[in-house]
Amino acid sequence: MSIIQTDRRRLLLAGGAAMMAGPAWAQAEEPIAATVLATTAENQAATFRNIDRAGPVRPIRAGGRVRPLPPHARSLDGLRFPFEGATRTVDDYMTRRRTGGLLVLKRGEVALERYGMGNNPQTRWTSFSTAKSMTATLTGAALHAGAIKSLDDPVEAYLPKMAGSAYAGVSVRNVLRMASGVAWTEAYDPGGVSDVARLGLAMAARRDGLVLELMRTRARAVPQGTKFNYSTGETCVLGAIVSAAVKRNLADYYSETVWGPAGMEADGYWQLESEGGMALAGMGVSARLRDYGRFGQFVLEDGVASDGVRRLPVGWRELAGQPDSEATGFGKLEKDYPLGYGYQWWVLPRGAGTAHDGAFTAQGIFGQFVYVNPREQVVAVVWSAWRDAWQTPSEFETYALLGAAVEALR
């Protein structure tokens, strides 16, 4: 089994224990589950599009100018693709994989846009761990602005409260790689024994500072840089580094550097650990389908926003979107799992001339993807409501669908 299948299946994200009534935006009358891990087939989609009712959120404000996404000359509505010895269609995929949204852009033009599970173009859907890739992008923006001096700076240079913890001396770069060497178990345990379950309990308490307090108590497992270990808590540390460096909360900084300049059409929102508190950097961004696509386009274009101003360092796309260490190399993350890991992006295996050569993707539990393929100038977004937190066959069918889309648009 892949690392995703074994670990994320039981992942406690979006504050599962913290799913309580909160402020309501759109569709507030829909019944939702008590936690994201206790949904039924009937209320799962409603829960995912109403995460703002789970607890405190902060808006990510759109700017005054919307980037147009015109139709592409070639439509993929009739796309067919092979998988497991059968020829599949887009409709078949969406039905079997419980797809809530599907968007494919070629050079910023819409080749495919579909909605399911009761969603529409105005729906805001939660991203789960695709927010990790957004937090990494904000790290690049802070580096470009000079607020983060170097990725090789230690964590405590920005978060003095982490001095004396296992994160002391760990570089920002190794936090980006998920290779800090700090012990963490991402498996959900209802008894509250795993680290990610403890994270859920900290979120449920809704007290400012509890998440970083939890991270301060984690022990060192291995030397930094020597082993990949997927950790939602690690991204929360990364988000706190960025916020401290730029002296902004993450949602406002996201609005200023990406959301507004990249031409998003609507406000998004980010879940918080407490009312008015720290954003949960490893999860909790909700937005419209096309705006996830615009985020992917911003990354594809190496941080030059639609207003023409660069917000990321030159070459950040290649740096963040490829493994740069032995620990995060292709096939090194977990036995029999072929992907590598960049800076909070999953990287598809390379192969000259293949559809996914050079491509990387954000991933979130229950089947969320933001796929970026610089060589082919393709961005894709997939929303899903899988009934398991991770389904490896569904993951690889998604890559098969996207690979066929890439080929059809060549």
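Below or above, wherever it landed, is the structure these notes cover.

What counts, and at which threshold
Residues numbered from 1 in each chain as written. Predicted model: local features only at pLDDT ≥ 70, side-chain atom pairs only at ≥ 80, totals over all residues. Heavy atoms only, no water. Axes fitted to C-alpha atoms, helices over the stretch in contact; angles between N-to-C directions. Helix = DSSP H or I, 4+ residues; strand = E, 2+ residues; numbered from the N terminus. Parallel < 35°, antiparallel > 145°, perpendicular 65-115°, else oblique. Left-handed = near helix turned anticlockwise from the far one by under 90°. Contact = heavy atoms within 4.5 Å. Nonpolar A, V, L, I, M, F, W, Y, C, P; charged D, E, K, R; others polar. Phe/Tyr/Trp six-rings, centres within 6.5 Å; stacked < 30°, edge-to-face > 60°. Buried < 20%, exposed > 50% of the residue type's maximum accessible area, 1.4 Å probe, protein only. Polar contact = N/O pair within 3.5 Å; in protein donor to acceptor, adjacent residues only side chain to side chain. Pairing = 2+ DSSP bridges. Core = buried A, V, L, I, M, F, W, Y, C linked by side-chain atoms within 4.5 Å. Salt bridge = Lys/Arg side-chain N within 4 Å of Asp/Glu carboxyl O.

### Things to note about the packing of helix H4 (residues 130-145) against helix H10 (residues 289-300)
Alright, step 1. Interaxial distance between H4 and H10 falls to 12 Å at its minimum, and their mutual angle equals 40 degrees. Taken as axis vectors, H4 and H10 run oblique relative to one another. Judged by the twist between their axes, the crossing of H4 over H10 is left-handed. Between H4 and H10, the residues in contact are Ser133, Met134 and Thr137 and Tyr292, Phe295, Phe298 and Val299, respectively.
Alright, step 2. Per-class residue counts for the contact of H4 with H10 are five nonpolar, two polar and no charged.

### Here's the deal with the packing of aromatic side chains
Alright, step 1. Per the stated rule, a full pass over the model turns up 24 aromatic pairs.
Alright, step 2. Note on Phe228 and Trp346: the rings are 5.9 Å apart at their centroids and 75 degrees apart in plane angle, and the pair reads as edge-to-face. Of the two residues, Phe228 sits in the loop between helix H7 (210-216) and helix H8 (232-246) while Trp346 sits in strand E10 (residues 346-347), which places them 118 residues apart along the sequence. Just as Phe228 is buried, Trp346 falls in that class too.
Alright, step 3. Ring geometry for Phe369 and Trp390: centres 5.8 Å apart, planes at 50 degrees, overall tilted. Taken together, the residues Phe369 in strand E12 (residues 368-373) and Trp390 in the loop between strand E13 (378-384) and helix H12 (392-408) connect sequence positions 21 residues apart. The residues Phe369 and Trp390 share a single accessibility class, namely buried.
Alright, step 4. Members of the aromatic cluster, each reached through a chain of ring pairs, are Phe228, Tyr230, Tyr337, Tyr341, Trp346, Phe369, Trp386, Trp390, Phe396 and Tyr399.

### So, the environment of Tyr115
Alright, step 1. For Tyr115, the location among the structural elements is in strand E5 (residues 109-115).
Alright, step 2. The partly exposed category is assigned to Tyr115, whose relative accessible area is 22%.
Alright, step 3. Taking the C-alpha atoms as reference, Tyr115 lies 5.5 Å from Gly100; in sequence the two are 15 residues apart.
Alright, step 4. In this structure Tyr115 touches Met94, Gly100, Gly101, Asn120, Pro121 and Leu289, once residues within four positions along its chain are discounted.
Alright, step 5. Looking at Tyr115, its side chain comes within polar contact range of the side chain of Glu113, at 2.7 Å.

### A closer look at the sheet that holds E5
Note on sheets: strands pair through backbone hydrogen bonds, and any given pair is parallel or antiparallel.
Alright, step 1. If you walk across this open sheet you meet the seven strands as E5-E4-E13-E12-E11-E10-E9, and the pairing is antiparallel. The open sheet is flanked by E5 and strand E9 (340-341), the only strands paired with a single partner.
Alright, step 2. One ladder, built from five bridges, connects E12 with E13; its direction is antiparallel. Note on E13: the bridge partner recorded for Phe369 is Val382.
Alright, step 3. Here H4 sits on the sheet in contact with strand E11 (360-364) and E12, set at roughly 125 degrees to E11.
Alright, step 4. With respect to the sheet, H12 is in contact with strand E4 (99-106), E11, E12 and E13, its orientation differing from that of E12 by roughly 35 degrees.

### Observations regarding helix H9 (residues 250-259)
Alright, step 1. For H9, the tally of buried residues reaches eight of 10 residues, placing the bulk of the element in the interior.
Alright, step 2. All of the buried residues in H9 are Leu250, Ala251, Tyr253, Tyr254, Ser255, Thr257, Val258 and Trp259.
Alright, step 3. Those residues of H9 that are buried lie in contact with strand E1 (57-60), H4, H8, strand E7 (268-271), strand E8 (285-287) and H10.
Alright, step 4. Taking the backbone nitrogen of Ala251 as reference, a side-chain oxygen 3.2 Å away marks Asn249 as the first, capping residue of H9.

### Looking at the nonpolar core
Alright, step 1. Counting residues in hydrophobic clusters, the biggest one holds 90 residues, and the most contacted among them are Val155, Tyr167, Tyr254, Trp270 and Phe295.
Alright, step 2. Looking at this core element by element, the count peaks at eight residues for H8.
Alright, step 3. When near neighbours in sequence (up to four residues on either side) are disregarded, Phe295 contacts Ser133, Met134, Thr137, Tyr254, Val258, Met264, Trp345 and Val370.
Alright, step 4. In terms of nonpolar packing, the next biggest core, distinct from the first, is built from 36 residues, Leu79, Tyr93, Leu102 and Leu409 among them.

### Quick notes on the packing of H4 against H9
Alright, step 1. Viewed as axis vectors pointing N to C, H4 and H9 meet at an angle of 70 degrees, and their least axial separation amounts to 10 Å. Considering the angle they form, H4 stands roughly perpendicular to H9. The crossing of H4 and H9 is left-handed. Only Leu250, Tyr253, Tyr254, Thr257 and Val258 of H9 make contact with H4, whose side of the interface consists of Met134, Thr135, Leu138, Ala141, Ala142 and Ala145.

### Looking at the pattern of salt bridges
Alright, step 1. Applying the stated rule across the entire model yields 26 salt bridges.
Alright, step 2. Note that Asp357 and Arg375 form a salt bridge whose closest N and O atoms lie 3.3 Å from each other. You can see Asp357 sitting in the loop between E10 and E11 and its partner Arg375 sitting in the loop between E12 and E13, a full 18 residues away along the chain.
Alright, step 3. Residue classification places Asp357 among the buried positions, given a relative accessible area of 8%.
Alright, step 4. Look at the salt bridges and you will find they share partners, linking Arg88, Asp92, Arg96, Arg97 and Glu397 into a network.

### Here's the deal with the pairing of E4
Alright, step 1. With respect to burial, E4 is a largely interior element, eight of its eight residues being buried.
Alright, step 2. The pairing of E4 with E13 spans seven bridges and is classified as antiparallel. If you follow Leu102 over to E13, its bridge partner there is Val382.
Alright, step 3. Pairing between E4 and E5: six bridges, direction antiparallel. Residue pairing across strands places Leu105 opposite Val110, the latter belonging to E5.
Alright, step 4. The antiparallel hairpin formed by E4 and E5 contains two residues in its connecting segment, where Arg107 sits at a positive phi of about 50 degrees.

### Describing unusual backbone geometry
Alright, step 1. Positive phi outside glycine occurs at Lys247, with the angle close to 55 degrees.
Alright, step 2. Looking at where Lys247 falls in the secondary structure, it is placed in the loop between H8 and H9.
Alright, step 3. Lys247 sits in the exposed class, given a relative accessible area of 70%.
Alright, step 4. Even without being a glycine, Gln344 presents a positive backbone phi close to 70 degrees.

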